[in-house]
Amino acid sequence: VSAATRIRAIEALLVERGVLAREDLRFVIDNLTTPKPADGAAVVARAWSDPAFERRLLDDANAAIRELGFGGAIAFTNLFAVQNTERLHHVVVGTLDASGYPRQLLGPPPRWYKSLAYRARAVREPRAVLREFGTELGDEVEVRVLDAVSHDRYLVIPRRPDSSEGLQPSALAALVTRESMVGLEEARPVAA
Amino acid sequence: MASVLAPGQRVRVRPATASRHHRTPAYVQGRPGTIVRHVGRFKDPESLAYGGDGLPERELYQVAFILRELWDAYAGPGPDSVRVNLYEHWLEHA
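Residues numbered from 1 in each chain as written. Chains lettered and ligands numbered in written order. Predicted model: local features only at pLDDT ≥ 70, side-chain atom pairs only at ≥ 80, totals over all residues. Heavy atoms only, no water.

Novice: Can you tell me about unusual backbone geometry, naming the residues and giving the values?
Specialist: With an omega dihedral of 0°, the bond running from Leu55(B) to Pro56(B) counts as a cis peptide bond. For Pro56(B), the location among the structural elements is in the loop between α1 (45-49) and β3 (58-66). Notably, Ala98(A) is not glycine yet its phi reads approximately 60°, a positive angle. Mapped onto the fold, Ala98(A) is located in the loop between β2 (88-93) and α6 (103-106). Here Ala98(A) falls in the buried class, since its relative accessible area comes to 12%. One non-glycine residue, Ser163(A), lies in the positive phi region at around 60°. Take Ser163(A): it is sitting in the loop between β4 (152-157) and α10 (169-173). (Helix = DSSP H or I, 4+ residues; strand = E, 2+ residues; numbered from the N terminus. Buried < 20%, exposed > 50% of the residue type's maximum accessible area, 1.4 Å probe, protein only.)

Novice: Any details on the pairing of β3(B)? Residues and values, ideally.
Specialist: Residue and element names in this part refer to chain B. Taken across its nine residues, β3 has seven buried, putting it largely inside the fold. As paired elements, β3 and strand β4 (residues 81-87) share seven bridges and run antiparallel to each other. Each bridged residue has a counterpart across the sheet, and for tyrosine 61 the counterpart in β4 is leucine 86. (Pairing = 2+ DSSP bridges.)

Novice: Provide a residue-level description of the sheet that holds β4(B), including the pertinent values.
Specialist: Strand order in this open sheet of seven strands is β2(A)-β3(A)-β4(B)-β3(B)-β2(B)-β1(B)-β5(B), and the pairing throughout is mixed. Both edges of this open sheet fall to β2 of chain A together with β5 (91-93) of chain B, since each of them pairs with a single strand only. Each neighbouring strand pair of the sheet contributes to a mean axis angle of 40°, computed without reference to strand direction. Direction of pairing for β2(A) relative to strand β3 (residues 142-147) of chain A: parallel, over a ladder of six bridges. When the bridges of β3(A) are listed, Val91(A) appears paired with Val145(A). (Axes fitted to C-alpha atoms, helices over the stretch in contact; angles between N-to-C directions.)

Laid out in structure tokens, this is it:
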């Protein structure tokens, strides 16, 4: 019997016995699968253009993203926002079971995030992994790896690109890649 | 161990006991680290994993481990670190 068949049988029993309602299940699945990297990019763009929002995001990310209509429903995880600067670079990994990815904001994690190679190497040789993503950091930059092992999730706010001062939030959001929000790369440079 | 640990305090991660739900990565078990901050107070995941009520609640701390201390071969700068959220009962005084 396949895992999917077994899960469907368990699900049917839970619903039949009144432990869960079918709508609850759909709600949770939707909340895990409908967020997309553009949602996270909109949050980052807002933080870049609104210092008060950025402070709220760093203080209480769960509340701040709800202001923008994101992520409110996943109560069993706790989102933290961290900021990359010229001196400090955060990288997110989940060595135990690939947790840590801010699903409530970016949707399901990409395959590389779940790979054993990434999970083993990110804590052992983060700078080598970063180089493979095209991110070369000098020795003056501290690398801080966040290994998510419980219900913690992390959103990295990448450094705001140079010469992006005049850009509207939607143009800023276009610079924010999925990988930059877990710390594997910088945001895209502004086109000359 | 005392219920509230202060930032900067040195701690050591207890080795996991195999029979329990112990969310401590193997590479930090038995290793020294430094308390970064108190994250909050949450239901005990070991108890929850076995159908318990999660009580008493446990203090959760973010603990920093210097990569040069974790890995003999680590060639990066001295401040590079990994941070892990760990519950109070998985830590002991260093």
